[in-house]
Amino acid sequence: MSKSIAKILLVFACFSAVPSIFAAPYTVNPGDLLRIDVWNEDTLGREVLVRPDGLISLPMAGDIDTTGNTPSEVGKEISKALGKYIKDEPRVVVSLVDAGGNKIYVIGKVERPGEYRINSDTDVMQALALAGGLNAFAAENDIRVLRRALDGRQESISFRYSKVKAGQDLSSNILLRSRDIVVVP
């Protein structure tokens with residue numbers, strides 16, 4: 001085996017042994033602004049705002065549910081809906097114009113509680129930093145992240161600030177998802 005092939009195999013082995021550090025693909029949220037383009041059908045192209053119920057409305061396609069879908073998956077749904085009216089399978093591209101629905105909330109005993117729009121991966125410590133940090137009365141070991149699943153169930157995830165601050169229990173410093181609520185009692 002040549003040295004160059006051995007090096008390539010070694011690099012591949014290293015990357016396959018390391019867990020993925022990349023975040024899950026972006027899923028569309030209510031409040032997001034999407035750009036819909038249909039190849040060779042300029043009159044169908046437009047920007048649409050995702051409604052609070054997760055639906056978008058398009059001529060000919062009707063209402064399309066974006067809940068839990070990536071822009072690419074939304075494009076496939078639109079293509080399927082338009083396929084009833086267009087002879088050849090429509091080629092649809094959905095682009096995220098504005099991630100206006102990608103928000104988290106920090107409430108309780110922080111300096112600046114409120115709604116925060118996030119444009120990149122954000123963990124609990126970063127969310128607390130956005131909110132100005134904990135105030136003097138915060139119960140730093142009782143912080144919870146409230147997360148609602150697509151089926152409506154809500155879960156509560158524990159976060160112990162003092163442990164993470166000390167470099168321990170770093171796995172509890174989870175990446176937040178859109179609409180997560182960080183509660184600081």
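Above this text you will find the structure in question.
## Some thoughts on the side chain of serine 172
Positionally, serine 172 belongs in the loop between α4 (161–165) and β10 (181–184). Given a relative accessible area of 10%, serine 172 falls into the buried group. A polar side-chain atom of serine 172 sits 2.9 Å from the main-chain carbonyl oxygen of aspartate 169. Setting aside residues up to four positions removed in sequence, serine 172 forms contacts with Val124, Ser158, Phe159, Arg160 and Val164.

## Describing helix α2 (residues 71–82)
Between the first and last C-alpha of α2 there are 16 Å, a value that for 12 residues agrees with the 16 Å anticipated at 1.5 Å per step. All buried positions along α2 are accounted for by Pro71, Val74, Gly75, Ile78, Ser79, Ala81 and Leu82. An end-on view of α2 places all buried positions within 160° of arc, on one side of the element. Among the exposed residues of α2, those pointing more than 90 degrees away from its buried face are Lys76 and Lys80. Looking at the buried side of α2, the elements it contacts are β1 (33–38), β3 (55–58), β4 (62–65) and β5 (92–98).

Each value, and the rule that gives it
- Residues numbered from 1 in each chain as written.
- Predicted model: local features only at pLDDT ≥ 70, side-chain atom pairs only at ≥ 80, totals over all residues.
- Heavy atoms only, no water.
- Helix = DSSP H or I, 4+ residues; strand = E, 2+ residues; numbered from the N terminus.
- Buried < 20%, exposed > 50% of the residue type's maximum accessible area, 1.4 Å probe, protein only.
- Polar contact = N/O pair within 3.5 Å; in protein donor to acceptor, adjacent residues only side chain to side chain.
- Contact = heavy atoms within 4.5 Å.
- Expected span 1.5 Å × (residues − 1).
- Arc of directions from axis to C-beta.

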